[in-house]
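Each chain, letter by letter, is given below.
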Amino acid sequence: MPVAPPNQPIRLYRAALSGHSHRVQLFLSLLGLPFEMVDIDLRAGEHKRPEFLAKNPFGQVPVIEDGDVTLADSNAILVYLASRYGEPGWLPRDPLGAANVQRFLSVAAGEIFRGPATARIANVFNLPLDRDAACITAKNLFAILEPHLATRPFLTGDKVTIADVAAYSYIAHAPEGGIALDGYANLRNWLARIEALPGFVPMQATKVGLAA
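Okay, so let's go over this structure. (Residues numbered from 1 in each chain as written. Predicted model: local features only at pLDDT ≥ 70, side-chain atom pairs only at ≥ 80, totals over all residues. Heavy atoms only, no water.)

Sheet topology note: the strand β3 (residues 63-66)/strand β4 (residues 69-72) ladder contains four bridges and is antiparallel. Bridge pairing in β4 places V63 opposite A72. (Pairing = 2+ DSSP bridges. Helix = DSSP H or I, 4+ residues; strand = E, 2+ residues; numbered from the N terminus.)

Printed below as a string of structure tokens:
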């Protein structure tokens, strides 16, 4: 059973342009939990300084501090928050329901990261990544998700779960990586359903990227 919200705000160490950070910010807001954000300047290398590495030795955002709990990795944080504070629907307890959510957490860490996330990172941060390969991965993924979402409102069925939260940010911002969403009506409708949830907060947009 979920516990009461914490007495002290959960502290979220994040970067405003990080989709991984936005997943956590979004879920904290959807749960209505008290939280405060601490911006980490990635360009200045703040994520590699000793004080941050003490929180996450991998030197990556996001990280949360919830009382005496310090936790890194966006998907792990979603599981923690859903298990501790969320209603069971966010992370089903039955074996099949839990497995279906885990399937899309793996997609978020796999195809979504290698596809729309990498294409966007290449554009927004001007990094020497293979944007063409990332665009192909993204379009292959969207070709799978489009018919999948024709028969269900959310990724795992009739109810929103942390699978949707994990997948949302980088797909919504795919155009910043040069990947248009115009040809994916079901995918756009899914994005709109998430954006209509009480407590939704958008991720900071950039002007980089010409979707094609």
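Where helix α1 (residues 19-31) meets helix α6 (residues 162-172), the closest approach of the two axes is 8 Å, and the angle between their N-to-C directions is 135°. The orientation of α1 with respect to α6, classified from their angle, is oblique. In this structure, α1 crosses over α6, and the sense of that crossing is right-handed. Where α1 approaches α6, its residues G19, H20, H22, R23, L26, F27 and L30 are matched on the opposing element by I162, V165, A166, Y168, S169 and Y170. Class assignment for the residues of the contact of α1 with α6 results in eight nonpolar, four polar and one charged. (Axes fitted to C-alpha atoms, helices over the stretch in contact; angles between N-to-C directions. Parallel < 35°, antiparallel > 145°, perpendicular 65-115°, else oblique. Left-handed = near helix turned anticlockwise from the far one by under 90°. Contact = heavy atoms within 4.5 Å. Nonpolar A, V, L, I, M, F, W, Y, C, P; charged D, E, K, R; others polar.)

As a further point, take the side chain of H22. Summarising the element assignment, H22 is placed in helix α1. Since its relative accessible area comes to 2%, H22 is described here as buried. Among all residues touching H22, those that are not within four sequence positions of it are Y168, S169, V201, P202 and M203. (Buried < 20%, exposed > 50% of the residue type's maximum accessible area, 1.4 Å probe, protein only.)

A few words now on the layout of surface pockets. The rolling of a water-molecule-sized probe over the atoms marks out the regions of remaining empty space. Estimates place the volume of the largest pocket at around 720 Å³. Lining the largest pocket are 26 residues, and of these S18, H20, Q60, V61 and F113 sit closest to its centre. Residue assignment for the lining of the largest pocket shows that the elements contributing at least two residues are α1, α3 (74-85) and α4 (95-124). Element by element, the count of residues in the lining of the largest pocket is highest for α4, at five residues. A class-by-class count of the residues in the lining of the largest pocket yields 13 nonpolar, eight polar and five charged. (1 Å grid on protein atoms, 1.4 Å probe; cavity = no way out; pocket = protein on both sides within 12 Å on 5 of 7 lines; lining within 4 Å. Points joined across faces, edges and corners; volume = space filled by probe spheres on them.)

This structure, assessed with the given rule, holds four aromatic pairs. On the basis of an interplanar angle of 75° and a centroid distance of 5.4 Å, the ring pair of F142 and Y184 is categorised as edge-to-face. Of the two residues, F142 sits in helix α5 (residues 131-148) while Y184 sits in the loop between α6 and α7 (185-195), which places them 42 residues apart along the sequence. Of the two residues examined, F142 and Y184, each falls in the buried class. (Phe/Tyr/Trp six-rings, centres within 6.5 Å; stacked < 30°, edge-to-face > 60°.)

We now examine the nonpolar core. In this structure, L81, F142 and W190 are the most contacted members of the largest nonpolar core, which totals 55 residues. Every element with two or more residues in this core is listed here: β1 (10-14), α1, α3, α4, α5, α6 and α7. Top contributing element to this core by residue count: α6, with nine residues. Excluding residues within four positions of it along the chain, L81 makes contact with I10, V24, F27, L28, L31, L33, I64 and G86. (Core = buried A, V, L, I, M, F, W, Y, C linked by side-chain atoms within 4.5 Å.)

Another point: the sheet that holds β4. Consider a sheet: its strands pair through backbone hydrogen bonds, and that pairing is either parallel or antiparallel. The strand order β2-β1-β3-β4 describes an open sheet built from four strands, whose pairing is mixed. Edge positions in the sheet fall to β2 (35-39) and β4, since each of these pairs with one other strand and no more. Strand-to-strand twist in this sheet, taken as the mean axis angle between neighbours without regard to direction, amounts to 20°. In the packing of α1 onto the sheet, contacts are made with β1, β2 and β3, and the angle to β1 comes to roughly 155°.

Read these as layout, nothing more, since geometry by itself doesn't imply function.
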